[in-house]
Amino acid sequence: MTVRGRFLAPDGTPLSGALVFRAPTLTFPQADVILGGPVTVQLDAQGAIEVTLPATDAPDMDPSGWAYVVAEQLSGIPVGRSYNIVLPRAQPEVDLADIAPTDPAKPNYVGVPGPVGPQGATGTPGSRIYSGATAPAAGLGVDGDLYVRYEYSTVLGVTSTTVSTWQRSAGAWAQLGGDVRGAAWYVNTTSTPSTGTRPGDMLLRTDTGDLWQRGASGWGTAVGNLRGPKGDTGATGATGATGPGGVVQSVNGKSAAAVALTAADIGALATTAAGAPSGVATLGADGKVPAAQLPTAGGGAVDSVNAKTGVVVLTAADVGALDQAAADARYPLTTAAVLLAGTQTISGGKTFSTIPSTTAAPTTANHLARKSYVDGLGGGEWLPSDHGLLAWAFDPALGQSTALYPGSGPIRVTAVILRIPATVTRICWFATGYAGGLVSGSWAAIYDSAGNRVAATGDMSTATYEPAEVHTAGGATISSPLTASYAAPAGVYYVASRWQYNTGTGDGPMLLAAESGAGAPPNVFGQTPVRRFGVYTAGAAAAPATINVGAMENGANRFWVALS
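Cut-offs applied
Along every chain, residues carry numbers that run from 1 in the direction the sequence is written. Only residues with pLDDT of 70 or above have their local features reported here, since the model is predicted, and side-chain atom pairs are shown and tallied only from 80 upward, although totals for entire chains, interfaces and linings are computed over all residues. Hydrogens and waters are ignored; side-chain quantities use all the structure's heavy atoms. The secondary structure listing takes helices from DSSP runs of H or I that are at least 4 residues long and strands from runs of E that are at least 2 residues long, numbered from the N terminus. Think of it in three bands: with a 1.4 Å probe and only protein chains considered, a residue is buried below 20% of the maximum accessible area for its type, exposed above 50%, and partly exposed in between. We call two residues contacting when some pair of their heavy atoms lies within 4.5 Å. Calculation of accessible area relied on Shrake-Rupley with a 1.4 Å probe; when residues are assessed, cover is drawn exclusively from the protein chains displayed. We place a 1 Å grid over just the protein atoms. Points where a 1.4 Å probe fits but has no way out form a cavity, open points with protein on both sides within 12 Å along at least 5 of 7 lines form a pocket, and any residue with an atom within 4 Å of a point lines it. Grid points are joined across faces, edges and corners, and a volume is the space filled by probe spheres set on the points. For this classification, Asp, Glu, Lys and Arg are treated as charged, while Ala, Val, Leu, Ile, Met, Phe, Trp, Tyr, Cys and Pro are nonpolar and the rest, including Gly, are polar. What we call a nonpolar core is a set of buried Ala, Val, Leu, Ile, Met, Phe, Trp, Tyr and Cys residues that are connected through their side-chain atoms within 4.5 Å. If DSSP finds at least two bridges between two strands, the strands pair. Residues adjacent in sequence count toward polar contacts only when both atoms are side-chain atoms; beyond that, a polar contact is any pair of N or O atoms within 3.5 Å, and within protein one must be able to donate a hydrogen and the other to accept it. Any Phe, Tyr or Trp ring, taking Trp's six-membered ring, that has another such ring centre within 6.5 Å forms a pair; planes under 30 degrees apart are called stacked, those over 60 apart edge-to-face, and the others tilted. Salt bridge, as used here: a side-chain nitrogen of Lys or Arg that lies within 4 Å of a carboxyl oxygen of Asp or Glu.

This brings us to the overall build of the chain. Helix and strand content of the chain: 3 helices and 27 strands. Among the 564 residues that make up the chain, the fraction classed as buried is 29%. Sequence separation of 24 or more characterises 57% of the internal contacts of the chain that already satisfy a separation of 6 or more. Only carbon and sulfur atoms are counted for the fraction: they give 56% of the accessible area of the chain, which is about 35400 Å².

For the largest pocket, the calculated volume is near 1900 Å³. Lining the largest pocket are 47 residues, with Phe28, Val33, Leu35, Pro54 and His471 sitting closest to its centre. Of all elements in the fold, only β2 (17-22), β3 (26-28), β4 (33-35) and β20 (422-433) reach the threshold of two or more residues within the lining of the largest pocket. Counting residues per element, the lining of the largest pocket draws most heavily on β4, at 3 residues. Looking at the lining of the largest pocket residue by residue, the class counts come to 25 nonpolar, 16 polar and 6 charged. Estimated volume of the second largest pocket: approximately 960 Å³. The set of elements that each furnish at least two residues to the lining of the second largest pocket consists of α3 (371-376), β18 (391-392) and β19 (411-418).

The biggest cluster of nonpolar side chains holds 39 residues, and the ones touching the most others in it are Ile427, Trp429 and Ile446. Among the secondary structure elements, those contributing two or more residues to this core are β18, β19, β20, β21 (443-448), β23 (476-488), β24 (491-498) and β27 (562-563). Tallying contributions element by element places β20 first for this core, with 6 residues. Excluding residues that lie within four positions of it along the chain, Ile427 makes contacts with Ala444, Ala445, Ile446, Thr457, Ile478, Ser479, Ser480, Leu482, Val495, Val561, Ala562 and Leu563. Formed by 27 residues, the second largest nonpolar core is a distinct cluster that contains Val3, Leu43, Trp66 and Tyr83.

Attention now goes to the sheet that holds strand β15 (residues 202-205). The mixed open sheet is built from 4 strands, whose spatial order is β14-β15-β16-β17. Bordering the open sheet on either side are β14 (185-188) and β17 (224-225), each of which pairs with just one other strand. Bridge analysis of strand β16 (residues 210-213) against β17 gives 2 bridges, and the strand direction is antiparallel. Opposite Asp210, over in β17, you have Asn225 as the bridge partner.

For the rest of this paragraph, the subject is the side chain of Ser516. Relative to the helices and strands, Ser516 resides in the loop between β25 (510-511) and β26 (533-536). For Ser516, the side chain forms a polar contact with the main-chain oxygen of Ala514, separated by 2.7 Å. A polar contact is formed between the side chain of Ser516 and the backbone nitrogen of Arg558, at a distance of 3.3 Å. Setting aside chain neighbours within four positions, we find Ser516 in contact with Gln400, Leu404, Ala556, Asn557 and Arg558.

Looking at the secondary structure, you find Trp392 in strand β18. For the pair Trp392 and Ala415, spaced 23 residues apart in sequence, the C-alpha to C-alpha distance is 8.6 Å. With sequence-adjacent residues up to four places away left out, Trp392 is seen in contact with Trp382, Leu383, Pro384, His387, Val416, Trp560, Val561 and Ala562.

Along the chain, Thr197 falls in the loop between β14 and β15. A polar atom in the side chain of Thr197 sits 2.5 Å from the backbone oxygen of Ser194. One polar contact links Thr197 to Arg214, side chain to side chain, over a distance of 2.9 Å.

Next up on the list: the packing of aromatic side chains. Taken as a whole and assessed by the stated rule, the structure comprises 7 aromatic pairs. Centroid distance Trp429 to Trp499: 4.9 Å. Interplanar angle 75°. Geometry classified as edge-to-face. Separated by 70 residues along the polypeptide, Trp429 in strand β20 and Trp499 in the loop between β24 and β25 bring together distant segments of the chain. Its relative accessible area of 1% is what places Trp429 among the buried residues.

Let us look at the pairing of strand β1 (residues 2-6). Note that β1 and strand β9 (residues 93-95) share 3 bridges and pair parallel. Counterpart to Val3 in the pairing with β9 is Val94. Note: β1 against strand β6 (residues 48-52), 5 bridges, orientation antiparallel. In the strand pairing of β6, Gly5 is matched with Ile49.

Below, the discussion takes up empty space enclosed by the protein. Tallied over the full model, the rule gives 1 cavity of 30 Å³ or more. Space inside the largest cavity adds up to approximately 40 Å³. Forming the boundary of the largest cavity are Pro406, Arg412, Val413, Thr414, Trp429, Val495, Ser497, Trp499, Leu511, Phe559 and Val561. Of all the secondary structure elements, the ones that give two or more residues to the lining of the largest cavity are β19 and β24. It is β19 that provides the largest number of residues to the lining of the largest cavity, a total of 3 residues. Partitioning the lining of the largest cavity into residue classes produces 8 nonpolar, 2 polar and 1 charged.

Next up on the list: the pattern of salt bridges. Scanning all chains against the criterion turns up 7 salt bridges. The partner of Arg168 in a salt bridge is Asp143, with the nearest N and O atoms 4.0 Å apart. With Arg168 in strand β12 (residues 158-169) and Asp143 in the loop between β10 (129-132) and β11 (146-155), the pair connects residues that are 25 residues apart, well separated along the chain. A relative accessible area of 10% places Arg168 in the buried class. For Asp143, a relative accessible area of 46% puts it in the partly exposed group. Salt bridges sharing common partners tie together Arg4, Glu50 and Glu93.

Here it is in structure tokens:
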């Protein structure tokens, strides 16, 4: 219950002092908690107070049917008021101005809730609004109900939504008005079907510039064109200046008055006789060069090749080429194609424009696997990522229903495992109840598998690092931030925490734990020496730089821890 109040002088000046709330000693057998003693609340600079107190009708509380005694100790008022109040849980917030007695002559009173009145008659069901992508089913709803239909269509990459409203009357659905949908613009270079489009939509043909507007029966004919008419011919430009006499100054480097060029001047073949070197042949009627016009020197055979005669065999060196070994040495295979079959080694970093994919499941440990296959390995089990966490000691839903105090002083240790590298920023616990009030010497830290500290919170008795209080039914997740984020490689980590609090009033948190009934429960499993839970009863005022993993004691209490 939250109780508030504000005390001012007649001129509006805030009063100072305190209010004392007294209650009998209260026992909560189910939670093994006893509450006792007065609660003193100081007025702040505005003369206001705010305090959270147990409800006077809280369940499982002994005694019952009691009331708080409120004593006002206000500066400048010699005799403060004293009166009784009850705080039923049905009213989670209350202001003292609404319940404190205003007339000193009136006796103190206690507001007691009256009996529950009889249940009223069931009212007529109100109208409901349904929605869907198709027309409403005939048997859906009752008269007066509404139905909103959302239809989606995608044409040429443009997704449009059409909305229509229906109302049920006289046992049948009828559409109210027409469809509601804004016009869409499409761009294409070819004819466009009207399926999925709506009257009023616009289409631009970028190949022709034509504009089309969708009518009731389809696109119809173009309604315009973005290309304007051909412009007028521009004015004729001024005539350029002519050379002296308008004659050519030179041709191919010759500047004689009458230039005569030969075939050699322009790189052409001389018109020598057919069959002679560099002669010009005349094609026959069949489109081929007649045999009589072909050169006949040497009987038509090649006299030599690169100064070699007879049966000539040329090597790479004879023609200035590289053999295979020399070519490989000069030009490394940096652009070799990837083979579709066979063994091949590819070096260097590679970037894929499209991520490779496969529909086949892996069959050996070194096969690549698609994400859907890996996700499927989780089956129906909940994973830390499903709750926004990086790792946890175990599924918190499997923790025992009754939470445990961690004890004031010892160092509690829980092991967690990161399957992949992750950046850790907070350490998390789950508390079923926590009233705050940690004192100096409270801390939490993360150690690697060798016991070296890799990250830590600050002093959890300070506002920055103290976990939030928990007063809700069922509890809540609490956490403390690290002093700096930690880029954690994959591996096993030990999360250690030390809680310093007042054990007499139970100010420390009640933390979720695994089943902890046995004095020495199983803790090391399989073939690895990893201890899943542990404790150092000696404690430490600050997180040590290292912990001796082998010296960790096998404590009975096994607390849930997570990283985020």
